[in-house]
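# Structural overview for review
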Amino acid sequence: MTTMTKSKGAAALPLNTILAGDCIEMMNSLPENSIDLIFADPPYNLQLKGDLHRPDNSKVDAVDDAWDQFSSFAAYDRFTRDWLAAARRLLKPNGAIWVIGSYHNIFRVGASLQDAGFWILNDVVWRKSNPMPNFRGKRFTNAHETMIWASKSEGAKYTFNYEALKSLNEGVQMRSDWVLPICNGGERLKDDNGDKAHPTQKPESLLHRVLVGSTNPGDVVLDPFFGTGTTGAVAKMLGRDFIGIEREEAYRKVAQKRLDSIRKFDREALQVSASKRAEPRVPFGQLVERGMLRPGEELYSINGRFKAKVRADGTLVGKDVKGSIHQVGAAMEGAPSCNGWTYWAFKREGQIVPIDVLRQQIRAELAN
């Protein structure tokens, strides 16, 4: 189902649609500053010379399609500059772009990104856990591709769901080298003849990590080289809107069939771990104003060593010290700093309860 949105003074944005045609022409037809994220998997310009065969002399189904062929590096660079200019026009000021490529093209694309005014945030290496061998045995096995993540300009804000990515990685900060398998098995789409529908179909796991990490539900994601629609499929599952652009009719047909079978995850499942800094700020004094804690009530340090009394203005007073929950906690511990929310607790019915429980109650109310 296609959803149309319209910005003030702008043409309607064709959400959840595959646009047929040239990517530059189609991007230039869309309203500027309307897209939250672009994921681009442009032609790699592989410069293949002749057929590639396995040791048993069987032919490798390599990328030899017309869309990946350019007459020269100069022609490829012109194409890259043109589609990047169109992409940058579309991005919102706080938008970002991901571009994936191989050693054949990613360095040229990276330079063009910087020349166009984008600000590179990271390069991420996708290390394939099951890469295709180097059958000729004359080079290293090409076991990775590189993604460049960039904001629209230097100093621009952008979405980065740090805590969500950390959660995906078993509580450890996500690194810039991602070990994920290539698309194979049941995920690999086939055409009516049973052949691979697209030679470079990307795995959904890769797009899942990109979209969870750098978009939020309701964001608009554009893929100008849509292929068989991996970006759109993952965006739909994750509650993001997408726009795909694809000039090849055969790919559009496969992608649309794929998208028609996708169901969005329920609202609760779409929520991800948020950064503490992204949560609403709740002053300690608000707990006092709302009667959740009373002036004169005593708070106790979690380690049981100290106590302090709540004052009407939301400060604490303890032995020889007064100030905020953070200042008093730090002074009592003789420490340079202290997170008062996790340091102090109160008593209810004989139980010690961290004051952060009350803050989370207020945050839950604000979220509804």
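Refer to the preceding data block for the structure.
Scope of this entry: the structure provided in the associated data block. All of these numbers come straight from a predicted model, not from anything done at the bench.

Assigned secondary structure in the protein consists of 12 helices and 16 strands. Taking all 368 residues of the protein together, 44% fall into the buried category. Sequence separation of at least 24 residues holds for 66% of the intrachain contacts in the protein that already meet a minimum separation of 6. Summed over all atoms, the accessible surface of the protein reaches about 20100 Å², with 48% contributed by carbon and sulfur.

Take the side chain of Asp36 next. Counting through the fold element by element, Asp36 comes out in strand β4 (residues 35–40). The exposure class of Asp36 is buried, given its relative accessible area of 14%. Engagement of the side chain of Asp36 in a polar contact is seen with the side chain of Lys92, the distance being 3.0 Å. Asp36 has contacts with Leu91, Lys92, Gly95, Ala96, Asp219 and Val220, leaving out every residue within four places of it along the chain.

Think of two packed helices as two axes; the pair is described by the angle between the axes and how far apart they sit. Interhelical geometry of helix α5 (residues 204–214) versus helix α6 (residues 230–237) gives an angle of 55° and a closest axis separation of 9 Å. On the basis of the axis angle, α5 is oblique to α6. Judged by the twist between their axes, the crossing of α5 over α6 is right-handed. From α5, Glu204, Leu207, His208 and Leu211 reach across to α6, where they touch Thr230, Thr231, Ala233, Val234, Ala235 and Met237. Along the lines of polarity and charge, the residues of the contact of α5 with α6 split into 6 nonpolar, 3 polar and 1 charged.

This part is about the nonpolar core. Within the largest apolar cluster, 34 residues are counted, with the highest numbers of intra-cluster contacts made by Trp98, Met147, Trp178, Leu206, Val210 and Leu211. A total of 5 residues in this core trace back to one element, the largest contributor, which is α5. If near-sequence neighbours (up to four positions away) are discounted, Trp178 is found in contact with Trp98, Val124, Val125, Trp126, Arg127, Met147, Leu206, Arg209 and Val210. By size, the runner-up hydrophobic cluster in this structure holds 32 residues, among which are Leu13, Leu30, Ala86 and Leu222.

Along its 12 residues, helix α7 (residues 249–260) runs 17 Å from first to last C-alpha, staying within 8% of the 16 Å computed at 1.5 Å per residue. Along α7, the residues that are buried comprise Tyr251, Arg252, Val254, Ala255, Arg258 and Leu259. Seen end-on, α7 carries its buried residues on one side only, within an arc spanning 165°. Away from the buried face of α7 by more than 90 degrees, exposed residues Glu249, Ala250, Lys253, Lys257 and Asp260 are located. Against β3 (17–20), α5, α6 and β10 (241–246) lie the buried residues of α7.

Residues in a regular strand point their side chains to alternate faces of the sheet. Within strand β7 (residues 144–151), 7 of the 8 residues are buried, which leaves it mostly tucked inside the rest of the structure. Looking at chain direction, strand β5 (residues 91–101) and β7 are connected through 6 bridges and run antiparallel. Opposite Ile97, over in β7, you have Ala150 as the bridge partner. Here 8 bridges tie strand β6 (residues 119–128) to β7, and the two strands are oriented antiparallel to one another. Following the sheet pairing, Arg127 is matched in β7 by His144.

Once that is clear, we can look at helix α3 (residues 106–115). Count 3.6 residues to each turn of an α-helix, and residues three or four apart come out pointing the same way. When we look at burial in α3, the residues that qualify are Ile106, Val109, Gly110, Ser112 and Leu113. Burial along α3 is one-sided: seen end-on, the buried residues are contained in an arc of 165°. Seen from the open side of α3, the exposed residues pointing more than 90 degrees away from its buried face are Phe107, Gln114 and Asp115. For α3, the secondary structure elements touched by its buried residues are α2 (73–90), β5, β6 and β7. Positive phi appears at Gly117, one or two residues downstream of α3, with a value of about 105°.

Basis of the calculations
- Residues numbered from 1 in each chain as written.
- Predicted model: local features only at pLDDT ≥ 70, side-chain atom pairs only at ≥ 80, totals over all residues.
- Heavy atoms only, no water.
- Helix = DSSP H or I, 4+ residues; strand = E, 2+ residues; numbered from the N terminus.
- Buried < 20%, exposed > 50% of the residue type's maximum accessible area, 1.4 Å probe, protein only.
- Contact = heavy atoms within 4.5 Å.
- Areas by Shrake-Rupley, 256 points an atom, 1.4 Å probe, with all protein chains shown as cover.
- Polar contact = N/O pair within 3.5 Å; in protein donor to acceptor, adjacent residues only side chain to side chain.
- Axes fitted to C-alpha atoms, helices over the stretch in contact; angles between N-to-C directions.
- Parallel < 35°, antiparallel > 145°, perpendicular 65-115°, else oblique.
- Left-handed = near helix turned anticlockwise from the far one by under 90°.
- Nonpolar A, V, L, I, M, F, W, Y, C, P; charged D, E, K, R; others polar.
- Core = buried A, V, L, I, M, F, W, Y, C linked by side-chain atoms within 4.5 Å.
- Expected span 1.5 Å × (residues − 1).
- Arc of directions from axis to C-beta.
- Pairing = 2+ DSSP bridges.

Any link to function would need more than the numbers given here.
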